[in-house]
Amino acid sequence: MVGASLAAVHAIDGLFEQGYQGEITLVGAEQHLPYDRPPLSKDALHHGPEADKVLLRAPEWYAERGVELRLGRRAGDLDPRARTVALDDATTLTYDGLVIATGSVPRTITAAGDGAVHVLRTIDDAVALHERLRPGRHLVVVGAGFIGLEVAATARSLGLEVSVVELAPTPLTRVLGDEVGQWFRGHQEAHGVRMHCGSVLDELDSGPGGAKLRLQDGTVLSADLVVAGVGVTPATDWLTTSGLQLSDGVLCDESLRTSAPGVVAAGDVTRWYNPLFDEQMRIEQWTNAVEQGRHAAMTLLGGGESYAPVPYFWSDQFDAKMRFVGRANAAEHVHLERLDDTSMVALFGRDGVLCGALCVNAIRRLAVYRKAILDQVPWGDVVGS
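Structure report, in brief. (Residues numbered from 1 in each chain as written. Predicted model: local features only at pLDDT ≥ 70, side-chain atom pairs only at ≥ 80, totals over all residues. Heavy atoms only, no water.)

### Regarding the side chain of Ser255
Now for step 1: Tracing the sequence through the fold places Ser255 in the loop between strand 16 (250–252) and strand 17 (263–265).
Now for step 2: Polar contacts involving the side chain of Ser255 include one to the main-chain carbonyl oxygen of Glu305, which spans 3.1 Å.
Now for step 3: Residue contacts for Ser255: discarding those within four places in its chain leaves His295, Thr299, Gly304, Glu305 and Ser306. (Helix = DSSP H or I, 4+ residues; strand = E, 2+ residues; numbered from the N terminus. Polar contact = N/O pair within 3.5 Å; in protein donor to acceptor, adjacent residues only side chain to side chain. Contact = heavy atoms within 4.5 Å.)

### Thoughts on the environment of Arg156
Now for step 1: Within the secondary structure layout, Arg156 lies in helix 6 (residues 146–157).
Now for step 2: Taking the C-alpha atoms as reference, Arg156 lies 7.5 Å from Gly192; in sequence the two are 36 residues apart.
Now for step 3: Not counting residues up to four positions away in its chain, the partners in contact with Arg156 are Glu161, Val162, His191, Gly192, Val193 and Phe318.
Now for step 4: Reaching out from Arg156, the side chain makes a polar contact with the backbone oxygen of His191 at a distance of 3.0 Å.

### Structural notes on unusual backbone geometry
Now for step 1: The phi torsion at Leu256 lies on the positive side, around 80°, for a residue other than glycine.
Now for step 2: Relative to the elements of secondary structure, Leu256 occurs in the loop between strand 16 and strand 17.

### A few points about the sheet that holds strand 23 (residues 344–350)
Now for step 1: Spatially, 20-21-24-23-22 is the arrangement adopted by the 5 strands of the open sheet, whose pairing is antiparallel. Among the strands making up the open sheet, the edge pair consists of strand 20 (312–317) and strand 22 (333–339). Ignoring which end each strand starts from, the neighbouring axes of this sheet average 15° apart.
Now for step 2: With 6 bridges connecting them, strand 20 and strand 21 (residues 320–326) associate as antiparallel partners. The residue of strand 21 that forms the bridge with Phe313 is Phe324. (Pairing = 2+ DSSP bridges. Axes fitted to C-alpha atoms, helices over the stretch in contact; angles between N-to-C directions.)

### Side note on the packing of aromatic side chains
Now for step 1: With the rule as written, the count across this model stands at 8 aromatic pairs.
Now for step 2: Pairing Trp61 with Tyr62 gives two aromatic rings, centres 4.9 Å apart and planes at 85°, and the pair type is edge-to-face.
Now for step 3: These aromatic residues form a ring-pair network of at least three members: Phe146, Phe313, Phe324 and Phe348.
Now for step 4: Sitting over the face of the ring of Trp61, Arg57 holds its NZ or CZ atom 5.2 Å from the ring centroid. (Phe/Tyr/Trp six-rings, centres within 6.5 Å; stacked < 30°, edge-to-face > 60°. Lys NZ or Arg CZ within 6 Å of the ring centre and 35° of its normal.)

### Looking at the environment of Gly72
Now for step 1: Inspection of the secondary structure puts Gly72 in the loop between strand 2 (67–71) and strand 3 (75–79).
Now for step 2: Expressed as a C-alpha distance, the spacing of Gly72 and Pro135, which sit 63 residues apart in the sequence, is 35 Å.
Now for step 3: Once residues within four sequence positions are removed from consideration, Gly72 is found in contact with Gly28, Ala29, Glu30 and Gln31.

### Points about the sheet that holds strand 10 (residues 194–197)
Now for step 1: Strand order in the open sheet formed by 4 strands is 10-9-8-14, and the pairing between neighbours is parallel. The open sheet has two free edges, formed respectively by strand 10 and strand 14 (225–228), since each of these has just one partner strand. Averaged over all pairs of adjacent strands, the angle between their axes in this sheet comes to 15°, without regard to strand direction.
Now for step 2: Bridge analysis of strand 8 (residues 138–142) against strand 14 gives 4 bridges, and the strand direction is parallel. Along strand 14, the bridge assignment pairs Val142 with Ala228.

### Considering the nonpolar core
Now for step 1: Counting residues in hydrophobic clusters, the biggest one holds 108 residues, and the most contacted among them are Ile100, Leu176, Phe184 and Leu358.
Now for step 2: Ranked by residue count, the leading element in this core is helix 1 (residues 6–17), at 7 residues.
Now for step 3: When near neighbours in sequence (up to four residues on either side) are disregarded, Leu176 contacts Phe146, Phe184, Phe324, Ala328, Phe348 and Leu358.
Now for step 4: Ranked by size, the runner-up nonpolar core spans 14 residues in total, among them Val117, Val119, Val165 and Leu221. (Core = buried A, V, L, I, M, F, W, Y, C linked by side-chain atoms within 4.5 Å. Buried < 20%, exposed > 50% of the residue type's maximum accessible area, 1.4 Å probe, protein only.)

### A closer look at the pattern of salt bridges
Now for step 1: Throughout the structure, instances matching the rule amount to 23 salt bridges.
Now for step 2: For Glu64, the salt bridge is made with Arg65, and the minimal N-O distance between the two is 3.6 Å.
Now for step 3: According to the relative accessible area criterion, Glu64 is exposed, its value standing at 65%.
Now for step 4: You can call Arg65 partly exposed: its relative accessible area is 27%.
Now for step 5: Linking Arg73 and Asp89 is a salt bridge whose minimum nitrogen-to-oxygen distance equals 2.8 Å. Highlighted residues: Arg73 in the loop between strand 2 and strand 3 and Asp89 in the loop between strand 4 (84–87) and strand 5 (92–94), separated in sequence by 16 residues. (Salt bridge = Lys/Arg side-chain N within 4 Å of Asp/Glu carboxyl O.)

Scope: geometric values only; no functional claims are made or implied.
Right, here's the structure in full:
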């Protein structure tokens, strides 16, 4: 298994649940045992990350299952014909089956000067950022995606002044559309976050004493620290010479098989065909990594069933607990079932059926909407009920 991730841990679980008794080697680029990432932008960032509290499994769990750990080692080359993976310490591993679970890496932004622009993906990133989150300082977050908004909320709750710079007209536009994004903008602003939406970052000059950000409209922001929340890219650089089919991730069929025999993929790195939505998709969410890891293990052991879930994810920002099921991209219809200052229910329709549902502080109907998506209930039947 390449990638000491949530998906890999659950792939190990899946193998043992299916009766696998062979050898398992887990390769991870970080020195840490696999850990949970969602708390890094929320509780762990607020209180200070502690590795033992975010570990997915205790060290004994791996020992009891005979998992050989190769941590602090990067995979450098995959040869599917020879069934080998070369590591950056000059060792080569052979495999009968391979799970690719390398996840994703954060994009960053270019800054003039020698100051650091923070990203938040690893526990080390969270430690470095937490140490600089002090009341009264000014944090600028570039990018109003979920991670950016969660970091903004956490920093604001710690007493920092927070500004968010976003190219799109509203937060989360790419994921949820303008109408829903406008609600999140208002929610952040109600808690004192200054939102600069529809703003182009022209220049970032960062030094040891802070940073200056110049926006295209002439606005200049002075910051004590800057966090880039501008998305991630699948970690596939090590696969470019492997011959595997790659396209914004590792391309897989509906069972999570790659284009090479004996190789499957799971988690953020995976782009697979989901027959329920009739589309290729790549999902960067916790629940998908869990379920996909287990399914990839079954496929590796000879299973051939389709992996066709209704995606689910969540985000907590201040007192807003958002839960989402399905897909909102390319939605032809958006229906705001409920909307007020503290809660929202938004439904998304495509191709005549319900394809997604978002609930903020209103989770009771989430299971109903999930079943409706799974059953492909007509759009008119849902919004008219």
